[in-house]
Amino acid sequence: MLRASTQRGGPTAVKVHDGYVYWLEYQAKLVMRVRTDGTGAPEQIATTDPNPFALVVDASGVYRASSGAAQTGAEGSLARAPLTPGGKTTVMMKNVRNTYDLAADGEAIYVSLVGAQLGQGKIQRIAKVK
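**Student:** Give a detailed account of the nonpolar core, specifying residues and quantitative values.
**Tutor:** If you look at the biggest cluster of nonpolar residues, it comprises 13 residues, and the most contacted ones within it are L78, M92, M93, L102, I109, V111 and I126. Mapped onto this core, the elements with two or more residues apiece are β5 (52-58), β6 (61-66), β8 (90-96) and β10 (108-113). With residues near it in sequence (within four places) discarded, L102 still touches A54, L55, V56, Y63, R64, A65, L78, I109, Y110 and V111. Core analysis: the next-biggest nonpolar cluster, separate from the first, contains eleven residues, I45, A46, V62 and L83 among them.

Okay, here's the thing in structure tokens:
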């Protein structure tokens with residue numbers, strides 16, 4: 001059990017990479033991490049836009065998506081942060097609505113966009129930030 005990761009405020013999208021557990025704090029709009037062995041305190045990697053829910057973590061960084069809701073007009077985004085605290089977050093895609101999921105390969109992030117209405121969905125490929 002990861003004692004250091006208890007009492008979190010809406011953790012979502014948990015991923016494990018290189019000895020760390022990464023997750024999104026839905027309510028606080030944060031990207032967090034803690035060691036898999038439970039030692040050390042949780043660390044803040046980055047902030048997010050409202051409604052963060054999708055996460056990809058690999059050797060190139062931490063990629064997160066927040067979902068805008070078409071019905072409310074809220075906009076979502078896709079951004080990359082480094083694996084460790086204190087680095088610069090790069091917004092890769094903004095003003096998107098109804099993002100559903102993320103996936104990655106060695107070169108790109110793939111975003112499923114449901115669309116504001118039926119028939120407007122697509123899968124978009126975005127080159128990873130170097």
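**Student:** Which residues make up the packing of aromatic side chains, and what are the values?
**Tutor:** One pass over the structure, following the stated rule, counts one aromatic pair. Taking the ring centre of Y20 as reference, the NZ or CZ of R33 above it sits at 3.7 Å.

**Student:** Hey, could you go over unusual backbone geometry for me, with residue numbers and the actual values?
**Tutor:** Look at K29: it is not a glycine, yet its phi comes out positive at around 60°. Structurally, K29 is set in the loop between β2 (20-25) and β3 (30-35). A positive phi is found at N51, a non-glycine position, where the angle reads about 65°. As for its position among the elements, N51 is in the loop between β4 (43-47) and β5.

About the criteria used
Residues numbered from 1 in each chain as written. Predicted model: local features only at pLDDT ≥ 70, side-chain atom pairs only at ≥ 80, totals over all residues. Heavy atoms only, no water. Core = buried A, V, L, I, M, F, W, Y, C linked by side-chain atoms within 4.5 Å. Buried < 20%, exposed > 50% of the residue type's maximum accessible area, 1.4 Å probe, protein only. Helix = DSSP H or I, 4+ residues; strand = E, 2+ residues; numbered from the N terminus. Contact = heavy atoms within 4.5 Å. Phe/Tyr/Trp six-rings, centres within 6.5 Å; stacked < 30°, edge-to-face > 60°. Lys NZ or Arg CZ within 6 Å of the ring centre and 35° of its normal.

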